[in-house]
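What follows is each chain in one-letter form.
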Amino acid sequence: ASYRGVVAETASGRTCQRWDGQAPHRHSRTSANYPDAGLEGNYCRNPDGERSPWCYTTDRFVRWEHCSIPACTAPTAPNEENRDTCYKGNGAAYNGVVSVTDRGLTCQRWDQQYPHRHNFNGLEENYCRNPDSGVRPWCYTSDPSVRWQYCTVPKCVEK
């Protein structure tokens with residue numbers, strides 16, 4: 001019921017009828033009767049809880065059909081489930097979301113050059129990392145008077 005895309009063709013290729021039109025098919029699925037359903041233009045929608053978005057067709061012999069809506073792509077950032085909660089070795093492969101130093105300072109975003117200029121590119125948000133393969137995960141701090149510090153990321157217990 002939440003689809004708000006711009007597909008305006010049924011799965012079989014028929015053009016959708018406008019929701020504010022009553023030809024060739026008269027119907028009660030209007031924005032007045034379903035104000036939260038996004039019934040605009042002739043886009044596929046699901047105002048009434050069908051199994052997938054659908055529309056009335058412009059084919060006078062076929063009243064309505066389901067639409068073929070492409071699946072959404074997965075987010076580009078890893079899920080929280082796939083994040084590290086501790087670091088192994090020197091933490092060069094750590095991909096967790098800790099962004100605070102051992103002394104409680106917030107980390108500076110890697111895509112910013114203030115308050116500290118640096119040459120590390122392509123790192124995520126302001127999460128602690130070890131891009132130079134140093135001792136353990138660290139970050140530049142948001143405090144202009146403290147360039148960098150190690151982070152509060154725990155070392156994994158080796159089994």
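Owing to the predicted nature of the structure, the values given are computational and were not obtained by experimental measurement. (Residues numbered from 1 in each chain as written. Predicted model: local features only at pLDDT ≥ 70, side-chain atom pairs only at ≥ 80, totals over all residues. Heavy atoms only, no water.)

**Regarding the side chain of histidine 25**
You can see histidine 25 is positioned in the segment before β1 (54-56). In terms of polar contacts, histidine 25 uses its side chain to reach the backbone carbonyl oxygen of aspartate 59, at 2.9 Å. Setting aside its immediate chain neighbours within four residues, histidine 25 contacts Gln17, Tyr56, Thr57, Asp59, Arg60, Val62 and Arg63. (Helix = DSSP H or I, 4+ residues; strand = E, 2+ residues; numbered from the N terminus. Polar contact = N/O pair within 3.5 Å; in protein donor to acceptor, adjacent residues only side chain to side chain. Contact = heavy atoms within 4.5 Å.)

**Points about the packing of aromatic side chains**
The tally for this structure, following the rule as stated, stands at 12 aromatic pairs. Ring geometry for tryptophan 110 versus phenylalanine 120: centroids 6.0 Å apart, planes at 90°, classification edge-to-face. Taken together, the residues span a long stretch of sequence, with tryptophan 110 in the loop between β2 (64-66) and β3 (138-140) and phenylalanine 120 in the loop between β2 and β3 at a distance of 10 residues. Summarising the aromatic geometry, the rings of tryptophan 110 and tryptophan 138 are spaced 5.5 Å apart at their centres and angled 75° between planes, so their arrangement reads as edge-to-face. Here tryptophan 138 lies in strand β3 and tryptophan 110 lies in the loop between β2 and β3, a separation of 28 residues in the sequence. The buried category is assigned to tryptophan 138, whose relative accessible area is 5%. Linked through ring pairs, Trp110, Phe120, Trp138, Tyr140, Trp148 and Tyr150 together constitute an aromatic cluster. (Phe/Tyr/Trp six-rings, centres within 6.5 Å; stacked < 30°, edge-to-face > 60°. Buried < 20%, exposed > 50% of the residue type's maximum accessible area, 1.4 Å probe, protein only.)

Note that every value here comes from positions in space, so none of it alone points to a role or purpose.
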